[in-house]
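The lines below spell out each chain.
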Amino acid sequence: MTVDDVMALAPVVPVLIVENVADAVPLAQALVAGGLPALEVTMRTPAALEVMREMAQVPGAVVGAGTVLNPAQLDQALEAGAKFIVSPGLTEPLGKAVIASGAAFLPGIATAGDIMRGLDMGFDRFKFFPASTSGGLPALKGFAAVFGMARFCPTGGITAENAPEWLAQPFIGCVGGSWVVPKGPLDPDQVEALAREAAKLTSISRR
Ligand code: 3PG
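Presented here is an overview of the structure given in this document. Source: prediction; values computed, not measured.

The rules behind these values
- Residues numbered from 1 in each chain as written.
- Predicted model: local features only at pLDDT ≥ 70, side-chain atom pairs only at ≥ 80, totals over all residues.
- Axes fitted to C-alpha atoms, helices over the stretch in contact; angles between N-to-C directions.
- Helix = DSSP H or I, 4+ residues; strand = E, 2+ residues; numbered from the N terminus.
- Parallel < 35°, antiparallel > 145°, perpendicular 65-115°, else oblique.
- Left-handed = near helix turned anticlockwise from the far one by under 90°.
- Contact = placed C-beta atoms within 7 Å.
- Pairing = 2+ DSSP bridges.
- Buried ≥ 20, exposed ≤ 12 C-beta atoms within 10 Å, placed from the backbone.
- Near = placed C-beta within 6 Å.
- Nonpolar A, V, L, I, M, F, W, Y, C, P; charged D, E, K, R; others polar.
- Right-handed = clockwise from strand over helix to strand, strands pointing away.

### Comments concerning the packing of helix 2 (residues 24–33) against helix 3 (residues 48–55)
Stage number 1. Close contact between helix 2 and helix 3 brings their axes to 9 Å; oriented N to C, the two are set at 55°. Classified by the angle between their axes, helix 2 and helix 3 sit oblique to one another. Here the hand of the crossing between helix 2 and helix 3 comes out right-handed. Within the contact between the two elements, helix 2 uses Ala24, Val25 and Ala28 and helix 3 uses Val51, Glu54 and Met55.

Structure below.
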């Protein structure tokens, strides 16, 4: 699966911070049922790897790892079944390790220099992070004008309300966000309803 395949799965990639392994399957089922099959499980909780393993069993789910910071975490994520890798930024050790693994990769960028270093390594699909505080859509429009070959997945501060504005840009393939899974005890019906709304959003680049 290429990174373009991942970005084409749905307009929104839910960013998941899962504390309880028991939530993994019902959460993944709710998101898939709501139309969001690409699931970014962040490696920020002790449960993350087990959560990926559980979610990978859910039919239709395409499980990825987020907040991957180094080659050791990359190996753990791939071993747990991650089909794509997301990082908040790009380092040379991580970039080289991802290339060697062949995994689909969305490295994080926030500046023109970040994008240039990514292009030098052969990447042209990026997570724009943290999107809302790194200049927001005006900044990304500026980057897109200069780096015409690049496509982006903004994450960080994206909401149900502002997602349509981002997705209206041809250089944005999808957005990432945590809003489809509200904090607190898991309510699968609520998550499915929020996912259903998010899945209705459309990116120009997928029309
Ligand atoms: C991420 O991990 O990409 C962000 O923390 C998600 O940002 P959000 O909570 O503002 O959606």
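The rest of the description comes next.
### Concerning the sheet that holds strand 2 (residues 38–42)
Stage number 1. Pairing is parallel in the open sheet, where 6 strands are placed in the order 5-4-3-2-1-9. Both edges of this open sheet fall to strand 5 (104–106) and strand 9 (175–177), since each of them pairs with a single strand only. If you compare each strand with its neighbour and ignore which way they point, the axes differ by 25° on average.
Stage number 2. In the sheet, strand 2 pairs with strand 3 (residues 62–66) via 5 bridges, with the strands oriented parallel. Across the sheet, residue Val41 finds its bridge partner in strand 3, namely Ala65.

### Regarding the environment of Ala100
Stage number 1. Within the secondary structure layout, Ala100 lies in helix 5 (residues 92–101).
Stage number 2. For Ala100, a count of 10 C-beta atoms within 10 Å puts it in the exposed group.
Stage number 3. For the pair Ala100 and Thr159, spaced 59 residues apart in sequence, the C-alpha to C-alpha distance is 34 Å.

### A closer look at the sheet that holds strand 6 (residues 108–109)
Stage number 1. In space, the 3 strands of this open sheet follow the order 6-7-8, with parallel pairing throughout. Lying at the two open borders of the sheet, with one neighbouring strand each, are strand 6 and strand 8 (151–154).
Stage number 2. Across 4 bridges, the pairing between strand 7 (residues 125–128) and strand 8 is parallel. Across the sheet, Lys127 pairs through a bridge with Cys153, a residue of strand 8.

### Quick word on the site of the ligand
Stage number 1. Neighbouring residues of the ligand: Val15, Thr42, Gly66, Phe129, Thr155, Gly156, Gly157, Ile158, Gly176, Gly177, Ser178 and Trp179.
Stage number 2. The residue inventory of the shell around the ligand, partitioned by class, reads 4 nonpolar, 8 polar and no charged.

### Focus: the pairing of strand 1 (residues 12–16)
Stage number 1. By the criterion of burial, strand 1 is predominantly enclosed, with 5 of the 5 residues buried.
Stage number 2. Along strand 1, one buried face is formed by Val12, Pro14 and Leu16 and the opposite face, lined by Val13 and Val15, is buried too.
Stage number 3. Summarising the sheet, strand 1 and strand 9 pair through 3 bridges and their orientation is parallel. Bridged to Val13 within strand 9 is Gly176.
Stage number 4. Judged from the 2 bridges that link them, strand 1 and strand 2 form a sheet pairing that is parallel. Directly across from Val15, in strand 2, lies its bridge partner Glu40.
Stage number 5. Between the parallel elements strand 1 and strand 2, the chain passes through helix 2 in a crossover that is right-handed.

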